[in-house]
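# Analysis of the macromolecular model
The residues making up each chain are set out below.
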Amino acid sequence: MSMVEERVLSCPRCGNAQKQEIWQSVNIQLDSDMKQKILDGEYNVFACEKCRAELPVDLPMMYHDMDGKLMIWLLPRDQSLKQTIMGHDAEAKRLLGVTHDGYRKRFVHSRLQLAETIRIFDDGLDDRAVALFKVSYAHRHKMQPDDILYCGLEHDPRVGMVLTFFRRDSESSFVWPMDGYQRAQGIVNQCVPPENGLWTTVDHEYADRIASVYEEAPKPH
Ligand SMILES: [Zn+2]
């Protein structure tokens, strides 16, 4: 099920208090129109009736895709998991504790990261391999890995399938050929133990850990 509730929130700009619809958990099979809204960031936005400010509300939300066997929990960065569970609905608590065979389970800490993770899984890719590429690209180009966002798959007439990315720092796009992705996937398969339904944060720190395991692994001569 999905869980949406009305909460009284204060406008961060003018202080006006009003009721606002807040999604605590979204099941995209049951609320099919919510998926696009999440990709577009059009959910849990405080729309002030007084000053007309529209600001994203920083509250936890669970994304559940039953067909894709994917659960992603968006957590505000300054909030611990314990605080989140305390304040959350029974359905999300149930989902957190249940072992779902074959499920990928992720914690993310921003709305951009939530949308990006959904896109990666929808395209049949492994977010850990993408994260590995992002840290290596960011290192080479002296930028922040979080400024790189996965956008989608495209067919390039010269090199075949490519992954496309957007750089938020320079507002430019670039591509990564599929054979590079497959090499990164090989490193993940070699260096990361099976997930076994564990909740994981796949970010640049996670990718750094994979990279260091790979560096220390014995190489064939
Ligand atoms: Zn306002």
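Just above sits the structure.
Description of the structure in this document. (Residues numbered from 1 in each chain as written. Predicted model: local features only at pLDDT ≥ 70, side-chain atom pairs only at ≥ 80, totals over all residues.)

End to end, helix α4 (residues 111-122) covers 17 Å across 12 residues, agreeing with the expected 16 Å (1.5 Å per residue, within 8%). For α4, every residue scored as buried is listed here: Gln 113, Leu 114, Ala 115, Glu 116, Thr 117, Ile 118 and Ile 120. Looking at the packing, one finds that the buried side of α4 touches α1 (33-40), β5 (61-65), β6 (70-74), β7 (104-108), α5 (127-140) and β8 (148-156). Downstream of α4 by a residue or two, Gly 124 has a phi angle that is positive, lying close to 75°. (Helix = DSSP H or I, 4+ residues; strand = E, 2+ residues; numbered from the N terminus. Expected span 1.5 Å × (residues − 1). Buried ≥ 20, exposed ≤ 12 C-beta atoms within 10 Å, placed from the backbone. Contact = placed C-beta atoms within 7 Å.)

Further remarks concern the sheet that holds strand β10 (residues 172-177). With respect to topology, 3 strands assemble into an open sheet ordered β8-β9-β10, the strand pairing being antiparallel. Only two strands of the sheet have a single neighbouring strand rather than two, namely β8 and β10. Neighbouring strand axes in the sheet, compared pairwise and without regard to direction, differ in orientation by 30° on average. For strand β9 (residues 160-167) and β10, the ladder comprises 6 bridges, and the chain directions are antiparallel. In the strand pairing of β10, Arg 167 is matched with Ser 172. The sheet strands contacting helix α6 (residues 178-191) are β9 and β10, and the helix crosses β10 at an angle near 65°. (Pairing = 2+ DSSP bridges. Axes fitted to C-alpha atoms, helices over the stretch in contact; angles between N-to-C directions.)

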